[in-house]
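Observations on the three-dimensional arrangement
Okay, here's what each chain looks like letter by letter:
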Amino acid sequence: MSQVKVPPPSDLRITNFSDSDITVRWEAAADDDVSYLIKWISLSGGDLRQEYQISLSALYGDGAQSEAVAVRYSTLSGGGPTSLTVSDETAVSMVISWVSPNAHVLQYRVSYTALTGADSQGHTVLVPSGKKQVMLESLQPDTRYSILVTAEYHNREGGSGSAQGKTDESNKGKMPRQLKFNFQLRPTGLHAKSANVP
C-alpha cells in the first residue's frame, strides 16, 4: 500500500532578522492542514558567521505529514540602517545618525552628493560598526545633499538607508540685520560703539 502524498507549505522565507530573533513566514499548504513542524539545524559556526537550515512540514488531521521545504539563513545576511536623521547643520557641516540593523555589521559606508550648487562630485566616508553617527565636514554652504548609509558585512554588502540634508547659508560677507549702538559720555565728547545683532 503506497502512502498518499499531501501538499507541503510553500514560499518559505525569513524576514525581520535581528541579533537573536528571526521571523519565518510561509503560505499554507491546504485548507485542512492543522499544524506545522519546524526544525532548524546549525550548518556552520564561528565568531563572524552562523548559518542555519530551517525546514517546515505540514501536519494533517489524519496523521499525514508533508515533505519538508527548507531555507537557509545566515547571520551575515544583513539589512540596512534605519531611522536616518540629519542634525546640527552649519554652513559647512552636518551630523548623520542612524539605527543599526544588527550586531553583525562590520562597517558603514556613508556616501553623500550635492544636489545643488557647483560641487556635484560624490564623496564617501567609512564608519566603524560601533558608531551610529558621523559628521560630514567641508561641505558647501546653502547646499542640499543626498546621503546614503550602507551596512557592509563580511564579504558582502547589506541594505541601505537614505536621507537629505541642507547646509545653512554662510554669514561671510553679509551685513548685520540690525545695528546696536552703545553710547558713553566722556570728557572729550560722546563716544559711540556699534555691536552687531544677529
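Structure's up top.
Residues numbered from 1 in each chain as written. Predicted model: local features only at pLDDT ≥ 70, side-chain atom pairs only at ≥ 80, totals over all residues. Heavy atoms only, no water.

Across the sheet, four strands lie side by side as β9-β8-β11-β12; this open sheet has antiparallel pairing. The open sheet has two free edges, formed respectively by β9 (123-128) and β12 (156-166), since each of these has just one partner strand. When the angles between neighbouring strand axes are averaged without regard to direction, this sheet yields 20°. In terms of strand pairing, strand β8 (residues 107-114) meets β9 through six bridges, oriented antiparallel. Of the residues in β9, the one forming a bridge with Val110 is Val125. (Pairing = 2+ DSSP bridges. Helix = DSSP H or I, 4+ residues; strand = E, 2+ residues; numbered from the N terminus. Axes fitted to C-alpha atoms, helices over the stretch in contact; angles between N-to-C directions.)

Let us now look at the pattern of salt bridges. This model, assessed by the stated rule, comprises two salt bridges. Taking the shortest distance from any N to any O, the salt bridge between Glu152 and Arg109 comes out at 2.3 Å. One end of the pair, Glu152, is in strand β11 (residues 144-153); the other, Arg109, is in strand β8, with 43 residues separating them in the sequence. Given the relative accessible area of 21%, Arg109 is considered partly exposed. Here Lys166 makes a salt bridge to Asp142, at a shortest N to O gap of 2.4 Å. With a gap of 24 residues between them, Lys166 in strand β12 and Asp142 in the loop between β10 (133-136) and β11 connect regions that are remote in the sequence. (Salt bridge = Lys/Arg side-chain N within 4 Å of Asp/Glu carboxyl O. Buried < 20%, exposed > 50% of the residue type's maximum accessible area, 1.4 Å probe, protein only.)

Counting residues in each nonpolar core, the largest one holds 19 residues, and the members touching the most others are Ile96, Trp98, Val110, Leu136, Ile147 and Val149. Elements represented by at least two residues in this core include exactly β7 (94-99), β8, β10 and β11. Ranked by residue count, the leading element in this core is β11, at five residues. (Core = buried A, V, L, I, M, F, W, Y, C linked by side-chain atoms within 4.5 Å.)

Moving on, we get to the environment of Ala28. Topologically, Ala28 is positioned in the loop between β2 (23-27) and β3 (33-44). Note: C-alpha distance between Ala28 and Pro9 (19 residues apart in sequence) is 5.2 Å.

Okay, the sheet that holds strand β6 (residues 82-87) next. Overall, antiparallel pairing links the three strands, which are arranged β6-β7-β10 in an open sheet. Each edge of the sheet is formed by a strand with only one pairing partner; in this case those strands are β6 and β10. The sheet shows a mean angle of 20° between the axes of neighbouring strands, direction not considered. Two strands pair when backbone bridges link them, and β6 and β7 are joined in this way by four bridges, in the antiparallel orientation. Along β7, the bridge assignment pairs Ser87 with Val95.

Attention now goes to the pairing of β7. Counting buried residues in β7 gives five out of six residues, a clear majority hidden from the surface. Connecting β6 to the next strand, β7, in antiparallel fashion are six residues, including Asp88 with a positive phi near 55°. Sheet analysis places β7 next to β10, joined by four bridges and oriented antiparallel. The residue bridging Met94 from the neighbouring strand is Leu136, located in β10.

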